[in-house]
Amino acid sequence: MGTQTGLRLEQRGDGNYYRVILHIGSTLVPISDDIVEELRTHIALTPDQFFPIFVNKVGYSSYLQEQIRREVQNTGDLTPQMSVIQQFFRQE
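Quick caveat: nothing in here was measured; it's all calculated off a predicted structure. (Residues numbered from 1 in each chain as written. Predicted model: local features only at pLDDT ≥ 70, side-chain atom pairs only at ≥ 80, totals over all residues. Heavy atoms only, no water.)

S.K.: Any chance you could explain the sheet that holds strand β3 (residues 27-31) here in plain terms?
M.R.: In sheet architecture, strand pairing relies on hydrogen bonds along the backbone and comes in two forms, parallel and antiparallel. Read from one edge to the other, the open sheet built from three strands follows the order β1-β2-β3, with strand pairing classed as antiparallel. Only two strands of the sheet have a single partner each, and these edge strands are β1 (7-11) and β3. Adjacent strand axes in the sheet meet at a mean angle of 25° when their direction is disregarded. With five bridges connecting them, β1 and strand β2 (residues 20-24) associate as antiparallel partners. Bridging across to β2, E10 finds its partner in I21. In this fold helix α4 (residues 78-91) packs onto β1 and β2, with an angle of close to 15° to the strand it touches most, β1. (Pairing = 2+ DSSP bridges. Helix = DSSP H or I, 4+ residues; strand = E, 2+ residues; numbered from the N terminus. Axes fitted to C-alpha atoms, helices over the stretch in contact; angles between N-to-C directions. Contact = heavy atoms within 4.5 Å.)

S.K.: Hey, could you run me through the packing of helix α2 (residues 47-58) against α4 in this one?
M.R.: For any two helices packed against each other, one specifies the inter-axial angle together with the distance between the axes. Two elements in contact, α2 and α4, have axes whose closest approach is 9 Å; the angle formed by their N-to-C orientations is 70°. The pairing of α2 with α4 is recorded here as roughly perpendicular in orientation. Contacts between α2 and α4 involve P47, D48, F50, F51 and F54 from the first element and L78, T79, M82, S83, I85, Q86 and F89 from the second. The residue inventory of the contact of α2 with α4, partitioned by class, reads eight nonpolar, three polar and one charged. (Parallel < 35°, antiparallel > 145°, perpendicular 65-115°, else oblique. Nonpolar A, V, L, I, M, F, W, Y, C, P; charged D, E, K, R; others polar.)

S.K.: How do you make sense of the pattern of salt bridges when you look at a structure like this?
M.R.: Where side chains of opposite charge bring their charged atoms close, a pairing between them can arise. One pass over the full model with this rule turns up five salt bridges. R19 is the partner of D33 in a salt bridge, and the nearest nitrogen-oxygen pair spans 3.2 Å. Highlighted residues: D33 in helix α1 (residues 33-40) and R19 in the loop between β1 and β2, separated in sequence by 14 residues. Residue E38 is joined to K57 by a salt bridge in which the shortest nitrogen-to-oxygen separation is 2.8 Å. With E38 in helix α1 and K57 in helix α2, the pair connects residues that are 19 residues apart, well separated along the chain. When its relative accessible area of 30% is taken as the criterion, K57 is described as partly exposed. (Salt bridge = Lys/Arg side-chain N within 4 Å of Asp/Glu carboxyl O. Buried < 20%, exposed > 50% of the residue type's maximum accessible area, 1.4 Å probe, protein only.)

Shape descriptors only; they carry no functional weight alone.
Structure (structure tokens):
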């Protein structure tokens with residue numbers, strides 16, 4: 001089984017304490033409902049504008065923020081990754 005790279009979001013559904021989980025490579029980070037709702041208010045921004053907001057809201061420690069930035073950097077272009085994450089929040 002290979003390790004996935006990049007950032008991706010997983011929707012868990014209403015029966016779970018955290019309905020949304022962020023995958024940073026093989027690391028899982030739960031995202032609270034209030035943060036999900038707040039991020040939704042920013043989905044009209046460009047990916048470059050959305051990224052720092054996403055990092056600050058989801059990255060509740062400087063270590064986690066650095067992990068998010070590093071994962072995006074290691075996997076290439078920021079725009080496609082943030083576009084997929086913004087689309088997730090549009091549909092969630």
